[in-house]
Amino acid sequence: MSTSTRPWTAPAWGDAGLVSGEAVELDVRAARIGSRVLALLLDVLVQLVLGLLLAALAGLFLAVLPYGVIDVPTERALLTVGVVLLLVGYPVIFERFNHGRTPGKAAVGLRVVSVDGAPVGLRQSLTRALVGVAVEWPGLVLPLVSWVAGVTVMLTDARGRRLGDLVAGTLVVHTRPATRWRPVPATVPVLAGWAYTLDLSRLDAGLALATRQYLARSHQFAEPTRSDLARRLWREVAGVTAPPPPPGLPEPVYLAAVLGERHRRARHRLAGARALAAALWPQLGSASFTSQPDEPVTAPPAQAGPGVRSPARPETDAGAAPVVGAEPTPRRQ
């Protein structure tokens, strides 16, 4: 691992740009507008359900009280308190006591953190919630203008932050890593003839898995770490394979050729095993799933005419599969 320091650069598009206290850059993705809107929709549904429950409880409480105890201004004040609890208290409480995750963010896989990667504080959650209610959602101050301004800020910011994040000093990141499916490396055409003659009997599954993981994730390593890992892996693979490869190619190319040949031989063995099983026991492919286990599946007897000999039953070897429908041979006492 190189100990040389690199100059600071601005985070790339979608990169959270978080650095730990040990000066290690964290591989964390910033949440973009699509995932954040989905989390907001889920939170709005939860808030609607909670609002209906609060309204039902408040209605039952008011029905029990005598008539005239609660006047109209008091009812409006209770309604205002309930709306504030839903719009402001809901995100603040969940972000403070659920590690920066509301139910919608937890379902999508998002989390609110400080710009330095620290857990979000109470003041930050309250600030971003107040700014969000005022100018973003529902946008009490100039709704249409504030919505356009909020979307524009999120689309232009490199880390997808909204107005509330900029004011509170917070950031929304993904808690789940992005999964990229990559195909199994195929045999390199230049090394196809050499790979066909390889002796892979000593290449165990652990080393093959390490090679597979390196080839799938080599794009994530920086130089000189990528080349160093390739040289180490190739020294181990070359020690258990023969003959040596033709010179002049980089180590990842040799690793891809060895792994591709190993997969080709595995597919060939699997196809041969299936063909052998189908030849020894063809009833497996033609048996109906509706037949009872106690009723063996047998072919109808052929009508042997004059001069026509019935086909003789082949003798069963010791390792062959039993014939379906045949009577068991009694053992000698």
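Here, the structure is the one placed above.
Counting starts from 1 at the beginning of each chain's written sequence and moves along it residue by residue. At least 70 in pLDDT is required for a residue's local features to be given in this predicted model, at least 80 for side-chain atom pairs to be given and counted, and no such filter applies to totals for whole chains, interfaces and linings, which use all residues. As a rule here, side-chain values cover all heavy atoms of the structure and leave hydrogens and water aside.

Some details on the overall build of the protein
Defined as follows: Here a helix means four or more residues in a row that DSSP labels H or I, a strand means two or more in a row labelled E, and each is numbered from the N terminus. The rule is simple: take the accessible area with a 1.4 Å probe, protein chains only, and divide by the maximum for that residue type; under 20% is buried, over 50% is exposed, in between is partly exposed. Contact criterion: two residues are considered in contact whenever any of their non-hydrogen atoms come within 4.5 Å of each other. Here the Shrake-Rupley method, with its probe set to 1.4 Å, supplies the accessible areas, and only the displayed protein chains count as covering residues.
Per the secondary structure count, the protein includes 11 helices and two strands. Across the protein, helices and strands are ordered from the amino to the carboxyl terminus as α-α-α-β-α-α-α-β-α-α-α-α-α. Out of the 333 residues belonging to the protein, those deemed buried represent 26%. Contacts in the protein between residues at least 24 apart in sequence constitute 70% of all its contacts with a sequence separation of at least 6. About 23,200 Å² of surface is accessible on the protein, with carbon and sulfur atoms providing 65% of the total.

Observations regarding the packing of helix α2 (residues 72-97) against helix α4 (residues 122-136)
Basically, it comes down to this: Under this scheme, a helix contributes an axis fitted over its contacting stretch, all axes are lines through C-alpha atoms, and angles between N-to-C directions fall in the 0 to 180 degree range. For classification purposes, an angle smaller than 35 degrees is called roughly parallel, one larger than 145 roughly antiparallel, one from 65 to 115 roughly perpendicular, and anything else oblique. Here a crossing is called left-handed whenever its near helix is offset anticlockwise from the far helix by less than a right angle, and right-handed whenever the offset is clockwise.
For the pair α2 and α4, interaxial distance at closest approach is 9 Å and the crossing angle is 150°. Here α2 is positioned roughly antiparallel relative to α4, judged by the angle of their axes. Note on packing geometry: the crossing formed by α2 with α4 is right-handed. When α2 is examined against α4, the residues L87, V88, P91, V92, E95 and R96 are found in contact with a partner set consisting of L122, S125, L126, R128, A129, L130 and V133.

Considering unusual backbone geometry
Working note: non-glycine residues mostly have negative phi, and peptide bonds are mostly trans. The peptide bond linking W137 to P138 adopts the cis configuration, its omega dihedral lying at 0°. A cis amide bond, omega 5°, links E223 with the succeeding residue P224. By secondary structure assignment, the location of P224 is in the loop between α8 (205-217) and α9 (225-239). The phi dihedral of L142 falls on the positive side, at around 50°, and the residue is not glycine. Here L142 falls in the exposed class, since its relative accessible area comes to 57%.

Focus on the environment of V131
By secondary structure assignment, the location of V131 is in helix α4. The buried category is assigned to V131, whose relative accessible area is 18%. Between the C-alpha atom of V131 and that of L166, which follows or precedes it by 35 residues, the distance is 9.9 Å. Here V131 is in contact with E136, L163, G164 and V167, once residues within four sequence places are set aside.

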